[in-house]
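The chain contents come next:
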Amino acid sequence: MDTQPSPLGPAELNQKWLARPDLDTSSMLVVSPLKRAQALLAVALESVYESSELTPSEVDVLVLLRYLEEPVIARRLAQWMGLSRAAISKMLAKLESRGLIERRANPADQRSALVTISQDGVTAIDKTFPRHLEREAQVLAGLGPDRERVIEALELLVQALERSVPTA
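Conventions adopted
Residues numbered from 1 in each chain as written. Predicted model: local features only at pLDDT ≥ 70, side-chain atom pairs only at ≥ 80, totals over all residues. Heavy atoms only, no water. Pairing = 2+ DSSP bridges. Helix = DSSP H or I, 4+ residues; strand = E, 2+ residues; numbered from the N terminus. Contact = heavy atoms within 4.5 Å. Axes fitted to C-alpha atoms, helices over the stretch in contact; angles between N-to-C directions. Expected span 1.5 Å × (residues − 1). Buried < 20%, exposed > 50% of the residue type's maximum accessible area, 1.4 Å probe, protein only. Core = buried A, V, L, I, M, F, W, Y, C linked by side-chain atoms within 4.5 Å. Left-handed = near helix turned anticlockwise from the far one by under 90°.

Asks: Explain the sheet that holds strand S1 (residues 72-73) to me, please; I cannot follow it from the model alone.
Replies: Taken in spatial order, the 3 strands line up as S1-S3-S2 in an open sheet, and their pairing is antiparallel. Here the strands that pair on one side only, and so sit at the sheet edges, are S1 and strand S2 (101-105). Relative to strand S3 (residues 113-117), S2 is paired through 5 bridges, and the arrangement is antiparallel. In the sheet register, Glu-102 faces S3, and the bridge partner there is Thr-116. Taken strand by strand, helix H3 (residues 56-67) contacts S1, S2 and S3, and its axis lies near 90 degrees from that of S3.

Asks: Which parts of the structure should I look at to understand helix H6 (residues 119-140)?
Replies: Because each turn of an α-helix spans 3.6 residues, side chains separated by three or four positions end up pointing in the same direction. Its 22 residues place the ends of H6 31 Å apart at the C-alpha level, agreeing with the 32 Å of an ideal helix rising 1.5 Å per residue. Looking only at H6, the buried set comprises Gly-121, Val-122, Ala-124, Ile-125, Thr-128 and His-132. Elements that come into contact with the buried residues of H6 comprise helix H2 (28-50), H3 and S3.

Asks: Hey, could you run me through the nonpolar core in this one?
Replies: When a protein is soluble and globular, its nonpolar side chains tend to lie buried together. By size, the foremost hydrophobic cluster in this structure holds 23 residues, and its most contacted members are Leu-62, Leu-65, Leu-92 and Leu-95. Residue assignment for this core shows that the elements contributing at least two residues are H2, H3, helix H4 (74-81), helix H5 (85-97), S3 and H6. The dominant element in this core, judged by the number of residues it contributes, is H3, at 5 residues.

Asks: Sorry, what's going on with the packing of H2 against H6 here?
Replies: Helix-helix packing is characterised by the crossing angle of the two axes and by the distance between the axes. Where H2 contacts H6, the axes come no closer than 9 Å and their chain directions differ by 145 degrees. Read as a crossing pair, H2 and H6 show a hand that is right-handed. Contacts between H2 and H6 involve Leu-41, Ala-44, Leu-45, Ser-47, Val-48 and Tyr-49 from the first element and Thr-128, Arg-131, His-132, Arg-135, Glu-136 and Val-139 from the second.

Asks: Teacher, can you tell me more about the pairing of S3 here?
Replies: Side-chain direction in a regular strand flips from residue to residue, so the side chains alternate between the two faces of the sheet. In this structure, S1 lies alongside S3, joined through 2 bridges in antiparallel fashion. Each bridged residue has a counterpart across the sheet, and for Val-72 the counterpart in S3 is Val-115.

Encoded structure:
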């Protein structure tokens with residue numbers, strides 16, 4: 001995937017929309033750079049996943065399962081990861097079919113299953129995740145001394161979103 005910057009940055013695009021006084025376009029100044037950063041990070045990580053049996057989303061799930069101390073139900077995974085129940089169910093089915101996770105009946109609630117990572121899942125994540133982290137570190141090294149300010153700003157954004165987004 002090749003990403004090219006838009007000919008109009010967020011501020012310029014915001015200016016163009018000022019002709020529509022009925023729209024508050026100020027959110028674009030925050031959301032547009034976030035979307036661009038997400039796209040660029042995905043491109044930067046492509047080299048990690050070209051030779052991996054896992055997708056970035058699968059890595060997110062398996063890393064979480066790798067370090068949880070107890071099995072977890074799919075609904076909880078969906079909540080933690082901000083995914084729909086359908087999306088997590090589909091992903092877990094794929095991971096299970098490849099032997100990377102295991103599901104067993106939940107004795108506390110027969111309608112749900114307890115999910116754990118399998119030994120093959122541990123092997124796969126232990127192979128891929130260090131390369132993922134190494135590539136992220138390379139890409140983010142360009143932040144230099146501004147790194148802490150970026151982290152603080154992102155934490156503020158997450159807190160604001162958590163306050164305004166309903167949780168299931």
